[in-house]
Amino acid sequence: KTKRRSECPLNASVEILGDRWSLLIIRDMMLRGFRSYKEFMDCYEGIATNILADRLNKLIANGIITAEQNPDDGRKLNYVLTAKGIDLAPVLTEMVLWAGKHENTGNQPLIEQMRKDKNKVIADVRERWARRQPSSA
């Protein structure tokens, strides 16, 4: 069991997800369907390889994602959201809506789609990833 600074639920969330890269990795998995190390490396935000490896391992250790062998190349891994990770869809949706309301951001079509029917956006994320779950999840 992980030792935390306190038993506060918000503290647990911050300790698991409280860095910019972890949330962006989860975003890319949920919204862009990223699964491979290369896809994360090629993202326009420019994560360093050592940071990416660290964050992927941290997300695995916390049960947010799993790693499975790529069926086409057993030397490579695919990263897959777990049920715990997919349960972050409403949280990320609310964060996007909050930023869209209070900050000058891009991707207005996504924000507008979420504003119109955030439950459908969340359901679509859940459905896409439910089809991709590893058999052990």
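Each remark here, short or long, concerns the structure printed above.
Residues numbered from 1 in each chain as written. Predicted model: local features only at pLDDT ≥ 70, side-chain atom pairs only at ≥ 80, totals over all residues. Heavy atoms only, no water.

A. Expanded view of the pattern of salt bridges. A full pass over the atoms with the stated rule returns 14 salt bridges. Among the salt bridges present, the one from arginine 32 reaches aspartate 28, with a minimum N-O distance of 2.7 Å. Of this pair, arginine 32 and aspartate 28 both sit in helix 2 (residues 20-32), separated by 4 residues, roughly a single helical turn. The exposure class of aspartate 28 is buried, given its relative accessible area of 3%. Put simply, lysine 76 and aspartate 73 hold a salt bridge, and the shortest N to O gap is 4.0 Å. (Salt bridge = Lys/Arg side-chain N within 4 Å of Asp/Glu carboxyl O. Helix = DSSP H or I, 4+ residues; strand = E, 2+ residues; numbered from the N terminus. Buried < 20%, exposed > 50% of the residue type's maximum accessible area, 1.4 Å probe, protein only.)

B. How the structure looks around the nonpolar core. Grouped together as the largest cluster of nonpolar side chains are 27 residues, with contacts concentrated most on Ile25, Ile26, Met29, Met30, Phe40, Ile65 and Leu81. Sorting the residues of this core by element identifies helix 1 (9-17), helix 2, helix 4 (49-61), strand 2 (73-81), helix 6 (89-102) and helix 7 (108-130) as the ones contributing at least two each. (Core = buried A, V, L, I, M, F, W, Y, C linked by side-chain atoms within 4.5 Å.)

C. Fine view of unusual backbone geometry. With phi around 50°, asparagine 107 is a residue other than glycine that occupies positive phi space. Relative to the helices and strands, asparagine 107 resides in the loop between helix 6 and helix 7. Of the residues examined, asparagine 107 reaches a relative accessible area of 48% and is grouped as partly exposed.

D. View of the packing of helix 6 against helix 7. Following both chains from N to C, one finds helix 6 and helix 7 inclined at 165°, their axes separated by 10 Å at the closest point. Considered as vectors, helix 6 and helix 7 are oriented roughly antiparallel to each other. Of the two possible hands of crossing, helix 6 and helix 7 adopt the one that is right-handed. Contacts between helix 6 and helix 7 involve Ala89, Pro90, Thr93, Glu94, Val96, Leu97, Gly100 and Lys101 from the first element and Ile111, Met114, Arg115, Lys118, Ile122, Val125 and Arg126 from the second. For the contact of helix 6 with helix 7, the residue count by class is 8 nonpolar, 2 polar and 5 charged. (Axes fitted to C-alpha atoms, helices over the stretch in contact; angles between N-to-C directions. Parallel < 35°, antiparallel > 145°, perpendicular 65-115°, else oblique. Left-handed = near helix turned anticlockwise from the far one by under 90°. Contact = heavy atoms within 4.5 Å. Nonpolar A, V, L, I, M, F, W, Y, C, P; charged D, E, K, R; others polar.)

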